[in-house]
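Remarks on the overall topology
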Amino acid sequence: QVQLVQSGGGLVQAGGSLTLSCTASGRTFSSYAVGWFRQAPGKKRDFVAALSRSGVTTNYADSVRGRFTVSRDVEKNTVSLHMNSLNPEDTAVYYCAVRIAYYSSSYYSRQEDYQHWGQGTQVTVSS
């Protein structure tokens, strides 16, 4: 059973940057595809970014494409979400999630595709 622990987040001014991290224990990320989701107050949880099991193929929501980057550090067994040019609309609780992926290039954008979730971390962007 994999356990995900998230870190990073916090308060940043509009235009600033933050990096969120998701560290796995129990298993390595090499077995999993990874997703990032976010939930703003009063809204449903939305897809943000996905990374294939190979760590090569990525997918992003239109709202973050070009500003956010997802990457993996194999040695640290950590996946990161690098967020640039943040705006108040990015304010939300961010979650990482993983699922077993049988194909190395597959990525997943639906939250129901994921089996394990991190605890969530708050990102607040002030205007």
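See the structure printed just above.
What comes next concerns the included structure. (Residues numbered from 1 in each chain as written. Predicted model: local features only at pLDDT ≥ 70, side-chain atom pairs only at ≥ 80, totals over all residues. Heavy atoms only, no water.)

What to know about the overall build of the protein
- Within the protein one finds zero helices and 11 strands.
- N-terminal to C-terminal, the α/β element order of the protein is β-β-β-β-β-β-β-β-β-β-β.
- Over its C-alpha trace the protein gives a radius of gyration of 13 Å, about what one expects of a compact globule, namely 14 Å for 127 residues.
- Principal axes of the C-alpha set define a box for the protein whose edges measure 40 × 25 × 25 Å.
- Counting across all 127 residues of the protein, residues that qualify as buried make up 46%. (Helix = DSSP H or I, 4+ residues; strand = E, 2+ residues; numbered from the N terminus. Rg over C-alpha atoms; globule rule 2.2 N^0.38 Å. Buried < 20%, exposed > 50% of the residue type's maximum accessible area, 1.4 Å probe, protein only.)

Let's talk about the side chain of Thr-91
- In this fold, Thr-91 is placed in the loop between strand S8 (78-83) and strand S9 (92-100).
- Of note is the side chain of Thr-91, whose polar atom sits 2.9 Å from the backbone nitrogen of Val-125.
- When near neighbours in sequence (up to four residues on either side) are disregarded, Thr-91 contacts Ala-40, Pro-41, Gln-122, Val-123, Thr-124 and Val-125. (Polar contact = N/O pair within 3.5 Å; in protein donor to acceptor, adjacent residues only side chain to side chain. Contact = heavy atoms within 4.5 Å.)

A word on the state of the cysteines
- Evaluation of the coordinates by the stated rule reveals one disulfide.
- Across a sulfur-sulfur distance of 2.0 Å, Cys-22 and Cys-96 are joined as a disulfide pair. The sign of the 65° torsion about the S-S bond sets the Cys-22-Cys-96 disulfide as right-handed. Pair noted here: Cys-22 is in strand S3 (residues 18-25) and Cys-96 is in strand S9, with a separation of 74 residues, a long-range link.
- Residue class for Cys-22 comes out buried when judged on its relative accessible area of 0%. (Disulfide = S-S within 2.5 Å.)

Some remarks on the sheet that holds strand S1 (residues 3-8)
- Spatially, four strands are ordered S1-S3-S8-S7 in an open sheet, and the strand pairing comes out antiparallel. The outermost strands of the open sheet, each flanked by one partner alone, are S1 and strand S7 (68-73). Geometrically, the sheet is characterised by an average inter-axis angle of 20° between neighbouring strands, direction not taken into account.
- Bridge count for S7 against S8 is six bridges, and the pairing is antiparallel. If you follow Arg-72 over to S8, its bridge partner there is Val-79. (Pairing = 2+ DSSP bridges. Axes fitted to C-alpha atoms, helices over the stretch in contact; angles between N-to-C directions.)

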